[in-house]
Amino acid sequence: MNNFISVKDVTDIHALVQSALAYKADPYKDLALGARKRIGLLFLNPSMRTRLSTQIAAQQLGMEAVVFNVGSEGWALEFEEEAIMSGNTVEHVKDAAPVMGRYFDILCLRTFPSLKNREDDYSELYINQFIKYAGIPVVSLESATLHPLQSLTDIVTITEELARTTAAGQPKRRPKVVLTWAPHVKPLPQCVANSFAQWVNAWGQSDFTITHPEDYELDESFTKGAAIMHDQQAALKDADFVYVKNWSTFADYGKIYNNDPSWMLTNEKMLVTNSAKVMHCLPVRRNVELSDEILDGANSLVTTQAGNRVWAAQAVLAEILRGKR
Ligand code: CP
């Protein structure tokens, strides 16, 4: 693996998941792998889990991690080729990225979409310009359209939970995974939902349903292979895992259309599931997206899921480091 931008950069998802779980069992087993190597974590947007888990993962591989909140502390970057920089941008990415390439062995980047222009966001200009000019491996910490470290974590968490139930004596079977849209107070990117759909489809170990109100269709290039339903209650029937996430509209880009509060997930709705485990990438708007009773209940995996971010990041960084040796 050279870059980690989407599931397409992964040759063997199952091996990567098992690598993450092996790091969970023995976090320091590869402490020498990243010795005398440095990782740069660049944030153009806020983060808690991604920032901390990736930093911890790097340190557990012996790397030195440097965090740079470039969005709030750095020069305003220009990404367009041949830009006449007479506006607010101070430094072009083609000047900044090669410098980063001299300072670091791996460069990680968080860059959210504008949600103003779909073509621009879906071209992934920002992260692609870093890949083009940095000259070192680039890892997405969430880009304009995808959040691959989150999605790898999600597959790790589902795999771990399935192994736990099998070890507890339940028969091994193909799980039903449901991604459900939830209300929110502001328009959010489609990244987590796109990415989860892309990874679950590539993983291929579940029956996968996506449920959302009409007008919230995601980009088919990510969802193709999933059953799409507009009736949330029908979609939840017999689910083993329910992943809750808001996203804004894709077709009429970046809008909130129907923000029907009845789409909030509650315990009452969960009665038709197979006592499903509930997942959310966090941060979550309590009692808007998900009720307190679910988040604080026994079937919530959200804290385990967030904890697993460390092991997913460690597996990815280790694979990149091995490729550099
Ligand atoms: N899930 C996630 O990416 O969390 P942060 O935005 O806090 O990094």
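Everything numeric in this text was worked out from a predicted model, so none of it was measured. Residue indices follow the written sequence of each chain, beginning from 1 at its first position. It should be noted that, the model being predicted, local features are given only for residues of pLDDT at least 70 and side-chain atom pairs only at 80 or more, the latter also being counted only at that level, while totals for whole chains, interfaces and linings use all residues. Each side-chain value is derived from all of the structure's non-hydrogen atoms; neither hydrogens nor water enter the calculation.

A. Representation of the overall build of the protein chain. Helical segments are the DSSP runs of H or I of at least four residues, strand segments are the runs of E of at least two, and each set is numbered from the N terminus. Per the secondary structure count, the protein chain includes 14 helices and 11 strands. For the radius of gyration, the atom set is restricted to C-alpha positions; the globular benchmark scales as 2.2 Å times the number of residues to the power 0.38. The C-alpha radius of gyration computed for the protein chain amounts to 20 Å, which stays within 12% of the reference 20 Å derived for 325 residues, consistent with globular compactness. C-alpha extents for the protein chain along the principal axes are approximately 55 × 45 × 30 Å. In the protein chain, once contacts between residues fewer than 6 apart in sequence are set aside, the share between residues at least 24 apart is 79%. A total of about 14,400 Å² of accessible surface is found on the protein chain, and carbon and sulfur atoms cover 50% of it. Under the convention used here, Asp and Glu are negative, Lys and Arg are positive, and both His and the chain ends fall outside the count. Charged groups are reduced to one reference atom each: NZ for lysine, CZ for arginine, CG for aspartic acid, CD for glutamic acid. Taken as two groups, the 32 positive and 38 negative side-chain charges of the protein chain have centres that lie 6 Å from each other. Note on definitions: a residue-residue contact is assigned when non-hydrogen atoms from the two residues lie within 4.5 Å. Accessibility throughout is a Shrake-Rupley quantity obtained with a 1.4 Å probe, and a residue counts as covered only by protein chains that appear here.

B. The arrangement of the sheet that holds strand β2 (residues 64–68) in detail. Think of it this way: DSSP has to see at least two bridges between two strands before they count as a pair. Taken in spatial order, the 4 strands make up an open sheet running β2-β1-β5-β6, and their pairing is parallel. Of all strands in the sheet, those with a lone pairing partner are β2 and β6 (138–140), marking the two edges. Across the sheet, the mean angle from the axis of one strand to that of its neighbour is 20°, orientation sign disregarded. As paired elements, strand β1 (residues 38–43) and β2 share 5 bridges and run parallel to each other. Counted as the bridge partner of leucine 41 is valine 67 from β2. Interaxial angles span 0 to 180 degrees and are taken between N-to-C directions of axes, which are lines fitted to C-alpha atoms, for helices over the stretch in contact. Its contacts with the sheet place helix α2 (residues 49–60) against β1, β2 and β5 (106–110), and it is angled at close to 175° to β1.

C. Representation of the environment of histidine 147 within the structure. Among the secondary structure elements, histidine 147 is positioned in the loop between β6 and α7 (148–167). Residue exposure (1.4 Å probe, protein chains only): buried if accessible area is under 20% of the type maximum, exposed if over 50%, otherwise partly exposed. With a relative accessible area of 3%, histidine 147 lands in the buried category. Note: C-alpha distance between histidine 147 and asparagine 287 (140 residues apart in sequence) is 24 Å. Ignoring any residue separated from it by four or fewer positions in sequence, one finds histidine 147 in contact with Thr50, Arg110, Leu141, Glu142, Cys191, Val192, Ser195 and Arg309. Here glutamate 142 takes part through its side chain, which lies 3.4 Å from a polar atom of the side chain of histidine 147. Any pair of N or O atoms that falls within 3.5 Å is considered a polar contact. Within protein, one atom must be able to donate a hydrogen and the other to accept it, and sequence-neighbouring residues count only if both atoms are side-chain atoms.

D. Quick look at the packing of α7 against helix α8 (residues 191–203). Relative to each other, α7 and α8 sit at 50°, their axes nearing to 9 Å. Here α8 runs oblique to α7, going by the angle between their axes. Handedness of the α7/α8 crossing: right-handed. Within the contact between the two elements, α7 uses Pro148, Ser151, Leu152, Asp154, Ile155, Ile158, Thr159 and Leu162 and α8 uses Ser195, Phe196, Trp199, Val200 and Trp203. Polarity classes work like this: nonpolar for Ala, Val, Leu, Ile, Met, Phe, Trp, Tyr, Cys and Pro, charged for Asp, Glu, Lys and Arg, and polar for all others, with Gly in that last group. For the contact of α7 with α8, the per-class residue count stands at 9 nonpolar, 3 polar and 1 charged. Note that the term roughly parallel is reserved for angles under 35 degrees, roughly antiparallel for angles over 145, roughly perpendicular for angles of 65 to 115, and oblique for everything else. Throughout, a crossing is termed right-handed when the near helix is turned clockwise from the far one, and left-handed when it is turned anticlockwise from it by less than a right angle.

E. Main features of the nonpolar core. Within the largest apolar cluster, 59 residues are counted, with the highest numbers of intra-cluster contacts made by Ile39, Ile106, Trp199 and Phe208. In contact with isoleucine 106, other than residues within four places in its own chain, are Arg38, Ile39, Gly40, Met63, Ile136, Pro137, Val139, Leu317, Ile320 and Leu321. Each nonpolar core is a collection of buried residues, namely Ala, Val, Leu, Ile, Met, Phe, Trp, Tyr and Cys, held together in the definition by side-chain atoms within 4.5 Å. Core analysis: the second largest hydrophobic core is formed by 18 residues, Phe79, Val93, Phe104 and Leu107 among them.

F. Structural view of the pattern of salt bridges. Each salt bridge in this description consists of a side-chain nitrogen of Lys or Arg and a carboxyl oxygen of Asp or Glu lying within 4 Å of one another. Counting across every chain of the model gives 15 salt bridges. A salt bridge links glutamate 64 to arginine 38, with the nearest nitrogen and oxygen atoms 3.3 Å apart. Taken together, the residues glutamate 64 in strand β2 and arginine 38 in strand β1 connect sequence positions 26 residues apart. The class for glutamate 64 is partly exposed, based on a relative accessible area of 44%. On the accessibility criterion, arginine 38 (35% relative accessible area) is partly exposed. Across the pair lysine 237 and aspartate 238 runs a salt bridge whose closest N-O atoms are separated by 3.7 Å. Given the relative accessible area of 45%, aspartate 238 is considered partly exposed.

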